[in-house]
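An overview of the molecular structure
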Amino acid sequence: MIKVFTITPFFSKKKKDGVSNIIENLNYRLKKKVKFYNVKKNTIFNLISYIKKTDILHFHGCWHPIFFKVYVLNLYFNKPIILNSHGMLSVNSFENKSFIKNLIWILYQKKILNTSRKIIVNSKKEYNEVRQLIVKPKKIIIIPNGIEIIKSNKKKKIKTNLKSKKKLNFLYFSRIHRLKGIEELINSWNYVRDPRFILNIYGHGDYNYIKKISFLINKNKNKNKIKFIYNKNTSKHKIYSKSDIMILPTYSESFGLVILEAINEGIVVITSKFTPWNFLKNNSMINFTKIKDTEISKTINKMLGEFKIKKYLKDLQHMRKMIYSSYNWSIVSDRYKDLYDKIIK
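Residues numbered from 1 in each chain as written. Predicted model: local features only at pLDDT ≥ 70, side-chain atom pairs only at ≥ 80, totals over all residues. Heavy atoms only, no water.

1. So, the nonpolar core
What counts here: In plain words, nonpolar cores are sets of buried Ala, Val, Leu, Ile, Met, Phe, Trp, Tyr and Cys residues tied together by side-chain atoms within 4.5 Å. Burial here depends on accessible area, computed with a 1.4 Å probe over protein chains only, as a share of the maximum for the residue type. Under 20% is buried, over 50% is exposed, and the range in between is partly exposed. Secondary structure follows DSSP: runs of H or I at least 4 residues long count as helices, runs of E at least 2 residues long count as strands, and numbering of each begins at the N terminus. Throughout, a contact is declared for two residues whenever any of their heavy atoms are within 4.5 Å.
Grouped together as the largest cluster of nonpolar side chains are 56 residues, with contacts concentrated most on Phe-170, Trp-189, Ile-201, Met-246, Leu-260 and Ile-300. Among the elements that take part in this core, helix α10 (residues 257–264) stands out by supplying six residues, more than any other. Contacts of Ile-300, omitting those with residues within four sequence positions, involve Phe-170, Trp-189, Phe-197, Ile-247 and Ile-270.

Given below as structure tokens:
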């Protein structure tokens, strides 16, 4: 059985973000084929112990000192390193805390990339961004995020035309961060005229930024139509089941797992062009908007005006087939296992 040492400071069972979701699914899906060791204490003694007894070191993320610590200790053991960038090497990521990240890049992050046996990215978009960092193309492999396929979802769909619904629940379901376009989304609700529109915001983020978002909501003309459910421990399926339309006007998305999850749940999506899903332009399940408050409002009205239930049902069927064949966790986890096998040969 292959032994893999999972290294990340970003894992959380409570927040269930992208990194945590991948680690949990790999641990569960491959438990009979791969023995995973997760960091519990970051002492040098414990880290050396894990490095010695494992075959592969799997870094989930970048920038954090824990990666440097393990990288230095591994100079003696020379175990192969696989790195999942998780969108942390995007142009926008470099711009956030740019001075610190450029310093870290020079000190150790570039060295870790160059010595990694493989670098896993989630999409062609992320591949191109990592490629610009002078990383050899052969080192980069695209393995998409997986999604959990719930059998009951196959029957779930909108049964009535969105135009005729008495209430429309819009969903923002992501990290509360400036790069997600959340400020523009909230400001767009100033232009909402339809009394049916309710915006439900789910997510977590920096405390000071949360305060800023709360202030934006309170001064909005339609603040009674915006509900901010911060960090509430509610299952994804329950959140999706109450939603009609998802909005994520993001400035940067290496994959956009919530977009696929929402579509698979039968929810129509509005997002920006800065996602890997631009090739779906003619699919009514996904609509694209410019990241500007007035443009978001226009896109909502345009989407509802052009909504046709027959095309929706046809496009939903097509998308569910694509998701099941390419992004099902059972398929994605096997790709990780194949990579592990190749690395230790």
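Structure's up, so let's keep going.
2. Examining the packing of helix α2 (residues 44–53) against helix α3 (residues 65–77)
The condition is simple: Fitting a line to C-alpha atoms yields each axis, with helices limited to the stretch in contact; the angle taken between N-to-C directions then spans 0 to 180 degrees. Working rule for angles: under 35 degrees goes down as roughly parallel, over 145 as roughly antiparallel, 65 to 115 as roughly perpendicular, anything else as oblique. Should the near helix be turned anticlockwise from the far one by less than a right angle, the crossing is left-handed, and should it be turned clockwise, the crossing is right-handed. Here the term charged refers only to Asp, Glu, Lys and Arg, the term nonpolar to Ala, Val, Leu, Ile, Met, Phe, Trp, Tyr, Cys and Pro, and the term polar to all other amino acids, Gly among them.
For the pair α2 and α3, the least separation of the axes is 10 Å and the interaxial angle reads 55 degrees. Taken as axis vectors, α2 and α3 run oblique relative to one another. Two packed elements cross with a definite hand, and for α2 against α3 that hand is right-handed. Where α2 approaches α3, its residues Ile-44, Leu-47, Ile-48, Ile-51 and Lys-52 are matched on the opposing element by Ile-66, Lys-69, Val-70, Leu-73, Asn-74 and Phe-77. For the contact of α2 with α3, the class distribution of residues is eight nonpolar, one polar and two charged.

3. Details of the packing of aromatic side chains
Spelled out, the test is: Pairing of aromatic rings covers Phe, Tyr and Trp, the last counted by its six-membered ring, and requires centre-to-centre distances within 6.5 Å; plane angles under 30 degrees mean stacked, over 60 mean edge-to-face, and any other angle means tilted. We call a charge positioned over a ring when the NZ of a Lys or the CZ of an Arg lies within 6 Å of the ring centre and within 35 degrees of the ring normal.
Going through the model one piece at a time under the given rule, you end up with 18 aromatic pairs. Between the aromatic rings of Phe-5 and Tyr-50, the centroid separation amounts to 4.9 Å while the plane-to-plane angle is 35 degrees, which identifies the pairing as tilted. Note that Phe-5 is positioned in strand β1 (residues 2–7) and Tyr-50 in helix α2, a separation of 45 residues in sequence. Here Tyr-50 falls in the buried class, since its relative accessible area comes to 13%. By way of ring pairs, the aromatic residues Phe-255, Trp-277, Phe-279 and Tyr-327 are connected into one cluster. The ring of Tyr-37 carries Lys-35 above its face, with NZ or CZ at 5.4 Å from the centroid.

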